[in-house]
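# Fold and geometry: a report
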Amino acid sequence: MQEKLNLLNQISDELNKDLNLDRMLQRVIDLTIKHFKAISGSIMLFDEENRISKYILQRKDVSDARAHQIVGQVLTEGFAGWVLKHGRGDIINDTQADDRWYTFPNQPYTARSVIATPLTRRNRVAGVLTINHSEAEHFKGQDLSLLNAIAWQAAIALENAQLFRQSEAERATLSAIINGTQDAIVVVYGEDHKILLMNPAAEKALQVTPDNWKDRALDSVTHLNDLVALFNSSPLSGGELQLSNGHTLLTSLIDVPDVGRMAIMHDISALKALDKMKTEFIDTFTHDLAAPLATIKGHIDLLQIDGPLSDLQLEDLGFMRMAVDQMRMLIKDLLELTRLESLKSLYKTDIALNSSLKKSFETFKRMATTKNIEFSLHANDSKAITRGNPTLITRAIDNLIENAIKYTKPHGQVSLLLTTSGNEALIAVKDTGIGIPAKTAPQVFDKFFRAHAAEANEVPGSGLGLSIVKAIVERHGGRVWVESKVNTGSTFTIALPIHSNGSAT
Ligand SMILES: Nc1ncnc2c1ncn2[C@@H]1O[C@H](COP(=O)(O)OP(=O)(O)OP(=O)(O)O)[C@@H](O)[C@H]1O
Ligand SMILES: [Mg+2]
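Residues numbered from 1 in each chain as written. Chains lettered and ligands numbered in written order. Predicted model: local features only at pLDDT ≥ 70, side-chain atom pairs only at ≥ 80, totals over all residues.

## Let's talk about the site of ligand 1
To keep it simple, the criterion reads: As used in this record, a residue near a molecule or strand is one whose C-beta atom, placed from the backbone, is within 6 Å of it. Elements are defined by DSSP. Helices are runs of H or I of four residues or more, strands are runs of E of two residues or more, and each kind is numbered from the N terminus. Residues are sorted three ways: Asp, Glu, Lys and Arg are charged, Ala, Val, Leu, Ile, Met, Phe, Trp, Tyr, Cys and Pro are nonpolar, and all the rest, Gly among them, are polar.
What surrounds ligand 1 is a group of 23 residues, the closest being Arg450, Ala451, Gly461, Gly465 and Leu466. Secondary structure elements with two or more residues in the shell around ligand 1: helix H12 (390-406) and helix H14 (465-475). The class makeup of the residues in the shell around ligand 1 is 10 nonpolar, 10 polar and 3 charged.

## Some remarks on the sheet that holds strand S9 (residues 248-256)
As a reminder, the rule being used: Whether two strands pair comes down to DSSP finding at least two bridges between them. Lines fitted to the C-alpha atoms define the axes, with helices restricted to the stretch that makes contact. Angles between their N-to-C directions range from 0 to 180 degrees. Residue pairs are scored as contacts if the distance between their C-beta atoms, which are placed from the backbone, is within 7 Å.
Across the sheet, 5 strands lie side by side as S7-S6-S10-S9-S8; this open sheet has antiparallel pairing. With one partner strand each, in any of the chains shown, strand S7 (194-198) and strand S8 (239-242) form the two edges of the open sheet. Ignoring strand direction, the axes of neighbouring strands in this sheet form an average angle of 30 degrees. Pairing between strand S6 (residues 184-189) and strand S10 (residues 260-267): 5 bridges, direction antiparallel. Paired with Ala184 across the strands is Met265, a residue of S10. Sitting on the sheet, helix H8 (residues 225-232) is in contact with S6, S8, S9 and S10, with an inclination near 135 degrees to S10.

## Quick notes on the pairing of strand S1 (residues 40-46)
Selection criterion: Whether a residue is buried, exposed or partly exposed follows from its count of other C-beta atoms within 10 Å of its own C-beta, namely 20 or more, 12 or fewer, or something in between, respectively; the C-beta atoms are built from the backbone.
Most of S1 sits inside the fold, with 6 of its 7 residues counted as buried. Sheet analysis places S1 next to strand S5 (residues 124-133), joined by 6 bridges and oriented antiparallel. Along S5, the bridge assignment pairs Ser40 with Asn132.

## What to know about the domain arrangement of the protein chain
For clarity, the cut-off: Annotation comment: domain bounds sourced from an automatic or database domain assignment.
The assigned domain composition of the protein chain is domain 1 (2-170), domain 2 (182-267), domain 3 (271-342) and domain 4 (349-497). Distance from the C-alpha centre of domain 1 to the C-alpha centre of domain 4: 81 Å.

## Structural notes on the environment of Trp101
Structurally, the position occupied by Trp101 is in the loop between strand S3 (90-92) and strand S4 (113-121). Under the C-beta neighbour-count criterion, Trp101 is labelled buried, with 20 such atoms within 10 Å. Once the C-alpha coordinates of Trp101 and Leu5 are considered, the two residues, 96 residues apart in sequence, prove to be 30 Å apart. Discounting residues that sit within four places of it in the chain, Trp101 has contacts with Gly78, Phe79, Ile92, Thr95 and Val114.

## Points about the packing of helix H10 (residues 311-342) against H14
For clarity, the threshold we go by: For classification purposes, angles smaller than 35 degrees are called roughly parallel, those larger than 145 roughly antiparallel, those between 65 and 115 roughly perpendicular, and all remaining angles oblique. Each helix crossing is assigned a hand: it is left-handed if the near helix lies turned anticlockwise from the far helix by less than a right angle, otherwise right-handed if that turn is clockwise.
Closest axis-to-axis distance for the H10/H14 pair is 10 Å, and the angle between their directions is 20 degrees. What the angle tells us is that H10 and H14 run roughly parallel. Crossing angle aside, the handedness with which H10 passes H14 is left-handed. Only Ser467, Ile468, Ala471, Ile472 and Arg475 of H14 make contact with H10, whose side of the interface consists of Asp333, Glu336, Leu337, Leu340 and Glu341. For the contact of H10 with H14, the class distribution of residues is 5 nonpolar, 1 polar and 4 charged.

## What about the sheet that holds strand S12 (residues 374-378)?
The mixed open sheet is built from 5 strands, whose spatial order is S12-S14-S15-S17-S16. At either end of the open sheet lies a strand with only one pairing partner, and these are S12 and strand S16 (479-485). Ignoring which end each strand starts from, the neighbouring axes of this sheet average 15 degrees apart. Two elements, S12 and strand S14 (residues 413-421), share 5 bridges in a ladder whose sense is parallel. Opposite Ser376, over in S14, you have Ser415 as the bridge partner. Along the sheet, H12 contacts S14, strand S15 (424-431) and strand S17 (489-497); its crossing angle with S15, the most-contacted strand, is approximately 20 degrees.

## Quick look at helix H9 (residues 269-306)
Filter applied, for reference: Multiplying 1.5 Å by the helix residue count minus one yields the expected span of that helix.
Taking 1.5 Å per residue as the helical rise, H9 with its 38 residues ought to reach 56 Å, and the 56 Å between its terminal C-alpha atoms agrees with that figure. Burial of H9 is sparse: only 0 of the 38 residues sit out of reach of the surface.

## Quick look at the nonpolar core
Our working definition: By convention the nonpolar core is taken to be a set of buried residues drawn from Ala, Val, Leu, Ile, Met, Phe, Trp, Tyr and Cys and joined through C-beta atoms within 7 Å.
Residues Ala396, Leu400, Val469 and Ile472 are the most contacted members of the largest nonpolar core, which totals 41 residues. Counting only elements with at least two residues in this core, the list comes to H10, helix H11 (353-370), H12, S14, S15, H14 and S17. Looking at which element gives the most residues to this core, the answer is H12, with 8 residues. Of all hydrophobic cores here, the second largest spans 36 residues; its members include Leu15, Ile43, Ala126 and Leu146.

## With respect to helix H4 (residues 79-86)
Selection rule: This arc is built from the directions going out from the helix axis to the C-beta atoms.
Among the residues of H4, Phe79, Ala80 and Val83 are the ones counted as buried. For H4, the angular spread of buried residues about the axis comes to 105 degrees, placing them on one side. Looking at the residues trailing H4, positive phi occurs at Gly87, about 65 degrees.

Structure (structure tokens):
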């Protein structure tokens with residue numbers, strides 16, 4: 001009894017020691033053979049379709065090719081096949097008198113008695129363990145119980161090894177993807193944001209010595225305080241990170257449930273450089289255009305003075321003046337936009353938005369009346385105070401009102417509303433105008449984009465007004481968006497952070 005327990009313990013130790021399947025099974029056979037004083041033994045493993053996926057023979061003097069032949073044959077004609085088919089173990093007392101035993105010609109040893117049992121997991125025979133002895137009647141009934149116990153342990157270990165191998169393979173695939181990607185990835189965990197993972201792209205971007213970050217707090221590993229701040233933001237927010245080598249990384253952050261937080265950083269330096277080139281180009285181009293336009297305008301005026309001109313000629317000059325004015329407006333807008341984008345800092349003060357809206361309302365009252373549009377103002381919220389540049393904020397509001405009146409037909413309505421929600425002041429410019437098709441709505445804030453090809457011909461404009469609004473609002477830490485329905489109307493909303501007791505900037 002003690003001896004059996006010792007064997008089971010020993011086998012259990014072997015099985016837990018190593019997750020390498022081959023070595024593990026080899027040790028199980030060796031120990032079992034030794035215990036039964038047998039001459040040989042084997043373990044065969046089957047896949048889901050009962051094909052042999054692995055076989056381990058105890059006898060080292062059998063060649064691979066021969067071993068392959070043996071297992072193939074015993075499975076179709078021999079005892080192992082019988083065990084697989086019946087799903088239980090058994091003993092052959094004398095192989096010469098039992099036709100379940102298949103004897104190979106030239107077999108280097110004689111097996112007279114055999115004991116075999118299945119390795120069963122989840123009602124499936126995953127393998128067969130067989131032990132042979134040279135004398136008949138060597139195995140007893142209780143030997144089968146012991147072999148069953150060994151097989152039971154081996155089957156569990158087998159499943160663990162397979163699960164381990166499977167998860168190892170999945171881990172290796174994931175790790176290859178994460179390590180191979182060009183985007184920098186950092187994953188942190190815990191209150192103090194210890195680093196769980198940093199891929200080579202992140203090590204390079206943050207100039208961290210490879211493999212010198214595991215479980216260290218992020219702020220002790222990198223000097224990039226902006227990244228540390230992004231990880232601490234609540235709610236999590238992304239943004240652009242400026243590296244000391246001049247590169248810019250567009251960073252997005254996500255919460256990974258049960259793990260921590262992850263940052264994915266994409267290098268947008270090339271795009272930034274392109275954008276800068278474009279801005280510089282527009283800047284020079286618009287400057288160079290302004291001078292000749294001024295000359296043209298001057299000469300149009302001179303022509304009138306030099307007269308006399310016929311009515312038709314005067315009418316033509318009127319059109320020319322209008323076209324020149326339109327071009328000068330376009331240049332002014334372009335210059336303003338590039339200036340806004342490149343301006344490092346802005347003069348800022350506290351702005352009571354109800355006063356700003358009132359001012360804009362007065363500015364556009366006449367234009368609305370002339371076009372026969374009902375124009376109203378609802379701006380009583382005195383808590384709506386933001387910190388910003390008053391000229392620019394008024395410019396943004398004016399651009400929205402101008403559009404609302406421009407893109408609304410006579411007898412329509414335009415209203416201005418000021419409300420607060422949480423930490424934000426909301427300025428809504430609502431009209432009952434021509435609306436914007438849903439699929440083009442996100443583009444209206446792009447430079448030079450005009451949503452209505454047909455109307456655009458009648459309504460003058462350069463498609464820059466909303467880009468200016470967006471640039472101004474974003475410079476003030478706010479957002480702008482549109483909700484619209486064709487032929488029903490549009491509502492453009494600007495959200496700006498409320499500045500109360502110096503809490504917002
Ligand atoms: N209130 C609105 N209703 C319907 N369409 C609008 C409205 N506001 C803007 N749009 C659409 O969005 C486009 C872009 O507007 P944006 O103000 O940028 O340019 P614009 O008005 O065409 O020219 P400008 O540079 O003179 O402002 C417009 O051409 C128009 O098609
Ligand atoms: Mg406009």
